[in-house]
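# Coordinate inspection notes
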Amino acid sequence: MKYIVDLLDAFFSIQITAQMSVYDLTSIVLKYIFVIIIYYFIFNIIRMIYLDIKQTNNMNYTSDTYLKLINRKENLPFKVQEHYYIGSSTGIGRAENNEIVLNDRFISKKHARIFKNKGQYYIEDLKSANGTYVNGDRLISTKKLNNKDLLDIGQVEFMFINGDNNGNK
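Residues numbered from 1 in each chain as written. Predicted model: local features only at pLDDT ≥ 70, side-chain atom pairs only at ≥ 80, totals over all residues. Heavy atoms only, no water.

## What about the pattern of salt bridges?
A side chain with one charge may pair with a side chain of the opposite charge, provided their charged atoms come close. Under the counting rule described, the total for this entry stands at 2 salt bridges. In this structure, Asp 6 engages Lys 2 in a salt bridge whose closest nitrogen and oxygen atoms are separated by 3.3 Å. Placement of the pair is Asp 6 and Lys 2 together in helix α1 (residues 2-12), with a separation of 4 residues, close to one helical turn. Among the residues examined, Asp 6 registers a relative accessible area of 40% and is labelled partly exposed. Residue Glu 124 is joined to Arg 113 by a salt bridge in which the shortest nitrogen-to-oxygen separation is 2.6 Å. Taken together, the positions of Glu 124 in strand β6 (residues 120-125) and Arg 113 in strand β5 (residues 112-117) put the pair 11 residues apart, joining distant regions of the chain. Taking relative accessible area as the criterion, Glu 124 reaches 19% and is therefore assigned buried. (Salt bridge = Lys/Arg side-chain N within 4 Å of Asp/Glu carboxyl O. Helix = DSSP H or I, 4+ residues; strand = E, 2+ residues; numbered from the N terminus. Buried < 20%, exposed > 50% of the residue type's maximum accessible area, 1.4 Å probe, protein only.)

Written as structure tokens, this is what we have:
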């Protein structure tokens, strides 16, 4: 053991220049690596905060029409909200440019779209791999949504709540 310590001491005390040894160079390199790791860690924290704020901003839109999660949140292997508000055109899928982003591996990047036309809401499947189901039936073409319709998209089940009609349907 003493031999190894003496060998390391001899190696690190080699002078590179008149004022710098291998030990000094190694400590400078490790110092900069440590600073880079700290900055990378801070960058990831800021990125996570940004993504949380972005997701919270999507929830600030209040509408009487929304999708209500039927599944238990803790049973799903990805993050999902209890409610998703529906606008005049709302895309659903895995891609970040959808209004409703669900990171389910059974959901396509552009899976489905809910849109409003002449006061009525409709849903269309965007040629997704695993399909979209309304009240247990696979969606083949555009379908009008009624209050309390059940939507199955991947592993997620939603209830469509149409507050525009005050729940009359």
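## Re the environment of Ile 70
Inspection of the secondary structure assignment puts Ile 70 in the loop between β1 (65-69) and β2 (83-85). A C-alpha to C-alpha distance of 7.8 Å links Ile 70 and Val 156, two positions 86 residues apart in sequence.

## Re the packing of aromatic side chains
Following the criterion strictly, the structure yields 5 aromatic pairs and no others. With a centroid separation of 5.3 Å and 75° between ring planes, the pair formed by Phe 11 and Phe 12 is classed as edge-to-face. Ring plane angle 70° and centroid distance 6.0 Å describe the contact between Tyr 66 and Tyr 85, whose orientation is recorded as edge-to-face. Separated by 19 residues along the polypeptide, Tyr 66 in strand β1 and Tyr 85 in strand β2 bring together distant segments of the chain. According to the relative accessible area criterion, Tyr 85 is partly exposed, its value standing at 27%. (Phe/Tyr/Trp six-rings, centres within 6.5 Å; stacked < 30°, edge-to-face > 60°.)

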